Structure formats: structure tokens, C-alpha cells
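Single-letter residue listing:
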Amino acid sequence: MPVQTIFLALLILPWLSAGLIALLPKKVQVNTSIVLAGIFTYLAFKVGHMPENITSYPWFDLGGKAIAASFWVTKSAQLLLLLVSIVALFVQIFSKSYLAEDANIGRYYSYLHVFIGSMTLLVLTDQIYIFYGAWELVGACSYLLISFWHQKEAPIKAAKKAFLLNRIGDIALLFGLIGLANYFETSVFSGMHGSAPALIGIAVIMGGIGKSAQFPLMSWLPDAMEGPTPASALIHAATMVAAGVFVGIRVFPFIGEEAHLFMGVIGAISLVSGAFFALFQNDIKKALAYSTISQLGLMWLGMGSSASLFHLYAHGIFKAGLFLTAGSVIHYLHHQKATHHADAQSLHNMGGLRKQLPLSFIAYLIFGAGMLGIPFTSGFYSKENIAGFLWDSAQHSAYANYYYVLLGALALGMGLTATYMCRQIYLIFLGQNRGGHVLEKSHTEWLQVIPISLLIFLSLFFWISLNPMDAHHSVFLAFFHIDNYHIPGFWLGITAGSWILGLGITYLTCRWVPQTNYQFLGFMWPSAYRLAWYIGQQMQRFDARIVDRIVVKFTELQVIIAHLSAWADKHLVDGSVSLIASFSRGLGARLRTWQSAQLHRYWFWVFFTLVFILIYLLY
């Protein structure tokens, strides 16, 4: 099969499946998803093994220069497409049960397939203009899925907030991509070689801040949990928010160390603050949202290196599992008579659920272990690999002290991660039900059990390496060209200390449950609003009292000048022209009498002239 045909199939298939689901929503939902995931993964890996894994199509001419629509399959693109295929398939299988009673489930599946198509375009394109278009399409799909239940007010507000905050980052990304194209004099990523100026790299990185919900544009992601829980597993945990990390991976080879460190600093702040605020949530999904912000910050600590790519994949698997498991808990509580009218997402109505939901309890333990980076999970390799990357970078950089500070932030973030994850497991599954509800044993929902079980399987260590403590001989890492960094011995002690810290704090605070959901820097939003309102009022006053008055006076001056110009034109210019015309007419009338055509008059003037000449000559 020609490479161009494979690329076209990869790009078009998700859109065709979205259209097919829109036409036949009740018959082809899950079947189409399974077929698409299989074909998709096969084609992505088939083109990756071809000698030419890049192709282009004529697009348009700009200033006499031909612009091509080019696409390529790199190892990072293959890994991300594998992640999208796996998570999207399991999410859609799970959704068949979770949204079985929703009348608009066909629309929901169409949105998911459009999202897969947009994400595929983002990952495969080599053309920065198409990349930006795909970036916006991914954001549009996020908007549609957050506001899926648009009959409620909260999802609409959450979708608007996500849209507006993402636009801030998107503007920076646009300027950054234009800067890259101008600096390297090419509009394709594969043609860029060298190191771009720091400001261009920082602008591109700032574009990823909004999409990845990093500091300071992080507040939209917890609100985005108003959308369906399975959709959150796909776009707000495993894939869409990872697009911000992917843009860092894409530009990593040709931006300088200053831009890399900027990305690392943003990641460190997000890692620590996201983990801290995850402790103060009583909504299970909002806690996972802040957890996602924190883990994305950990990827940003990898600065777009292969270590970031590795954790992006590992985190995508176990975070999707956490969201689906949380979805199974919410689904169970919502369908119980005792808790049907209670908030099924509140930790105040949970506790002691291990007996009713044994599989969910085991799944949450394993996925949580991946979050903590405990051995026998893929999260252990990926998290420690980022620590190894920072340590190795510090040994070969003039900015060594900065890398050591980032390592300190990583250690603090690991301790906080262990704390909120252990607390969540205890508050959901252990102890007694805090609402005092008498709960029945759950019925087996196979469409929920199967995807969660498979994600448990994919979260374990043997996919990466048969050695649970070492991945230096990993076939997986070698295939995807992921560097395996050495970890200093003392760091394993810090890692183990973070686990002990998390368990200890959970034991000491197990009776405390937050009464509300605390937003990141929530106290600053009203202040920022009041500041913006005050600045707007002052600008309005300045405009009314100074700018408008200046404009009015200037206009009045223009009117006066126009009247003076009209008077001068009428009385001076027109008068002068009329005077000259009158003089010309009088002179013409006098001279005209000389041309009478009478001979005796001509002889008179000749004689008269001669007389004057003679008088002049004699005297």
C-alpha cells in the first residue's frame, strides 16, 4: 500500500466514522470504534516501518512560494496515536453502559470521533499552519464535550471558561509558530535545524500552557469536569491536555535551553500547586482534575524530552483508568435508591465502597500506585526517568542550580501526590459510609468491567520491562527511541520517603473531608475581576473626559479651518481670479478697437507713431 494512501486513510477514517455514527447512531457506535481503533493502530505502525514515513500534497501558493500540506509519522507520533487509540476505544466501550439512558448518545459518539480525527491531524502534520488548525479543532471538540449537557447552566459556563482561557495560550502559540517559520524560513517542522531564539521558543511553550492547563491558566480544567466522565477520561486526562506537552516535544530539538528551563519552571509550579489543591476537593472528579494538572506539570519538568513522552503515555493509561473507575463509582451511587438524590460525586457520600465495588477498589489501588510511581507499575519507570533526566541535565549544563531546584520541586510534588492519592483511596473505599447510606451490592456491568480490567493490565510493569526495577533493556523504550536516564541512588530513598509521607498524612487526617471544592487561587479571581472593572472605569473616564474632549475640540478646529478656507477661496482666490478676468476683458476690448479693418485708421496710427519717433529723435 503506498505511503500516501496510508496517510489519507489515517486522516480521513475518523471523520468518516463520525459521519457514519451521526447517520446510524444506534447501530454502529461501539462496533465502529473497535474497527477504527484496530485499523488505526495497524496503519500507524505500518507507515512508521516504511523507508519514507513522510509525504506531502500541493496546497496553495503564497507570494510565489508553493506551500505543501505535509505529514509525517515520527516515533513520538506513533506512541501518541497508540495512546489515543487505546484510551478512545476503552472510553467508548465504557460509555455504552455509562450513558445508556442518555437520548443524545449518538451525538456524544460523533463528538468523540471528530475529536480523534482532530487529534490525529495534530499529531501527524508536519505543516505548522495545519498544526495550528488542528490545535483549534481539538479545542472546539473539548468545548462541545464539556457542554454536552447544555440544558444545564454549569456545563455552559465551564465550556466558555475553557474556551476563553485556551484562547490566551493560542494567541501566544500563533505568534510562536509564525516566528519559527520566519526564523527557519520554512513552514514544516522537519525542515527546521538549529536553535531558535529564546523568545520564539517561550512563545510556543506559552501556547501549550493553556491547552495543558498549566500555571497560571489552570482553573478551566476542574470546571471542565461538568462534561461526561468518560469524555473526561479521554480528552481531559489522556489526550487533549497532553497536546500541550506534545507541542513541547515537537519543538524540543530546535529551541534553546532557556526555553526548556522556562517550560520546566512552569511545570514545577503546576506540579506542586495542582497536587496541593487536589487535597482540598470533596468532588472525586475535581480531585482527579487537579491531579491531572499536577501530573502534566511533571511532564513539563521533562521539558519536551523523550522522558516527557514516556510519562505522557504511562500517565494517559492509568489516569484514564482512574477516571473510568471514578465513573463506575459515580454510576453505582447514582443508581442506588439510598443515594439516587444525593451528590454521587461528593466524598461525603462515599466511604466503605470496597465491599460493594471490589473491582473498582482494586483498580483504584493499581492506578493510584501508578500515580505514586510504585514499582510493578509503568508509572515507576516514567516518573523516575524524569528525575534521571533532570539529574543528567544538571551534570552537563551551566544552569545546574536551576535543575537542582526543579528536582527539589519534583520531590515535593511526589510527597503531595502520595498524600492526595492515599487519601482518595481511603475516603472512597475504606472506613464506613459517611452518609450513613445502606448500599446494595452492584450488578456487574461488563461494558464497564472490561475496559477497566484491560487498563489495569496495561498499567503494569511488564509492558515496559520484565525487570520491575530497571528498564535499561526495555524493547518498548528502544522501539519508541525513548532515552533511559540513570537515577542516583539517593533519589530512590526520596521516592520511598514520599510514599511513607503520604501514608502517614492520610492516617493522621483520615477523618477530615473538605466541605467544599477549593479553586486554585480562587480568592484572586474576584480581586482580578474588581481590578479589571476599576481599570475599565478609569479608562472610560479618561476616554470621556480627555480623549473625547480632545477629539471634539480638534473637530471644532477642523470646522473653523474649513470655514476660513471656504471664505479665502470665495473672496481671495475667486476674487483675484475675477479681477484678473475683468482686467483681461477690458484690455481685450481696447486692443480689439485697433483691429477695425479700416485703412485710413491704420494710416493715422502709422503717421502718429512716426511723429512721436521724430520728436524723440530731434529732442
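None of these values were measured; they are calculated from a predicted model.

### Some words on the overall build of the protein chain
Helix and strand content of the protein chain: 21 helices and two strands. Taking the contacts inside the protein chain whose residues are at least 6 apart along the sequence as the reference set, 80% of them involve residues at least 24 apart. On the protein chain, roughly 28800 Å² of surface is accessible, and the fraction owed to carbon and sulfur atoms is 69%.

### Notes on the layout of surface pockets
Here the largest pocket defines a volume of roughly 690 Å³. What lines the largest pocket is a set of 26 residues, among which Tyr98, Trp149, Lys152, Ile330 and His334 lie closest to the centre. At the level of secondary structure, the elements contributing two or more residues to the lining of the largest pocket comprise helix 3 (75-98), helix 12 (284-301) and helix 13 (306-334). At three residues, the largest contribution of residues to the lining of the largest pocket is made by helix 13. Among the residues making up the lining of the largest pocket, the classes are represented as eight nonpolar, nine polar and nine charged.

### A few points about the confidence of the model for the protein chain
Close inspection of predicted coordinates is inappropriate for parts of the model with low pLDDT. Scored by pLDDT, the protein chain comes out at a mean of 83, with 90% of its residues at no less than 70. Predicted confidence in the protein chain is weakest over helix 2 (residues 29-48), with a mean pLDDT of 64, and strongest over helix 14 (residues 358-372), with 92.

### Brief notes about the environment of isoleucine 168
Within the secondary structure layout, isoleucine 168 lies in helix 6 (residues 153-184). Here isoleucine 168 falls in the partly exposed class, since its relative accessible area comes to 49%.

### As for the pairing of strand 2 (residues 65-72)
Examined bridge by bridge, strand 1 (residues 54-62) and strand 2 share eight bridges and lie antiparallel to one another. Directly across from aspartate 61, in strand 2, lies its bridge partner alanine 66. The hairpin formed by strand 1 and strand 2 contains two residues between the paired strands, and glycine 63 there has a positive phi angle of roughly 60 degrees.

### Let's talk about the pattern of salt bridges
Overall, the coordinates contain five salt bridges when judged by the stated rule. The salt bridge involving glutamate 136 is made with arginine 167; its shortest N-O contact spans 2.9 Å. Separated by 31 residues along the polypeptide, glutamate 136 in helix 5 (residues 128-146) and arginine 167 in helix 6 bring together distant segments of the chain. Glutamate 136 sits in the partly exposed class, given a relative accessible area of 23%.

### Re the packing of helix 15 (residues 378-395) against helix 19 (residues 489-508)
Helix packing geometry: the angle between the two helix axes and the distance between the axes. Between helix 15 and helix 19, whose axes approach to 11 Å, the crossing angle comes to 130 degrees. In this view, helix 15 runs oblique relative to helix 19, as classed from their interaxial angle. Handedness of the helix 15/helix 19 crossing: right-handed. Of the residues in helix 19, those touching helix 15 at Phe380, Glu384, Ala387 and Trp391 are Phe490, Trp491, Leu492 and Thr495. Per-class residue counts for the contact of helix 15 with helix 19 are six nonpolar, one polar and one charged.

### Some remarks on the packing of helix 11 (residues 257-278) against helix 12
Between helix 11 and helix 12, whose axes approach to 7 Å, the crossing angle comes to 155 degrees. One way to sum up the angle between helix 11 and helix 12 is to call them roughly antiparallel. The element helix 11 and its partner helix 12 pack so that their crossing is left-handed. Across from Met263, Gly264, Ile266, Gly267, Ala268, Ser270, Leu271, Gly274, Ala275, Phe277 and Ala278 in helix 11, the residues of helix 12 making contact are Ala287, Tyr290, Ser291, Ile293, Ser294, Gly297, Leu298, Trp300 and Leu301. Here the residues of the contact of helix 11 with helix 12 are counted per class, giving 13 nonpolar, seven polar and no charged.

Cut-offs applied
Residues numbered from 1 in each chain as written. Predicted model: local features only at pLDDT ≥ 70, side-chain atom pairs only at ≥ 80, totals over all residues. Heavy atoms only, no water. Helix = DSSP H or I, 4+ residues; strand = E, 2+ residues; numbered from the N terminus. Contact = heavy atoms within 4.5 Å. Areas by Shrake-Rupley, 256 points an atom, 1.4 Å probe, with all protein chains shown as cover. 1 Å grid on protein atoms, 1.4 Å probe; cavity = no way out; pocket = protein on both sides within 12 Å on 5 of 7 lines; lining within 4 Å. Points joined across faces, edges and corners; volume = space filled by probe spheres on them. Nonpolar A, V, L, I, M, F, W, Y, C, P; charged D, E, K, R; others polar. pLDDT = per-residue confidence, 0-100. Buried < 20%, exposed > 50% of the residue type's maximum accessible area, 1.4 Å probe, protein only. Pairing = 2+ DSSP bridges. Salt bridge = Lys/Arg side-chain N within 4 Å of Asp/Glu carboxyl O. Axes fitted to C-alpha atoms, helices over the stretch in contact; angles between N-to-C directions. Parallel < 35°, antiparallel > 145°, perpendicular 65-115°, else oblique. Left-handed = near helix turned anticlockwise from the far one by under 90°.

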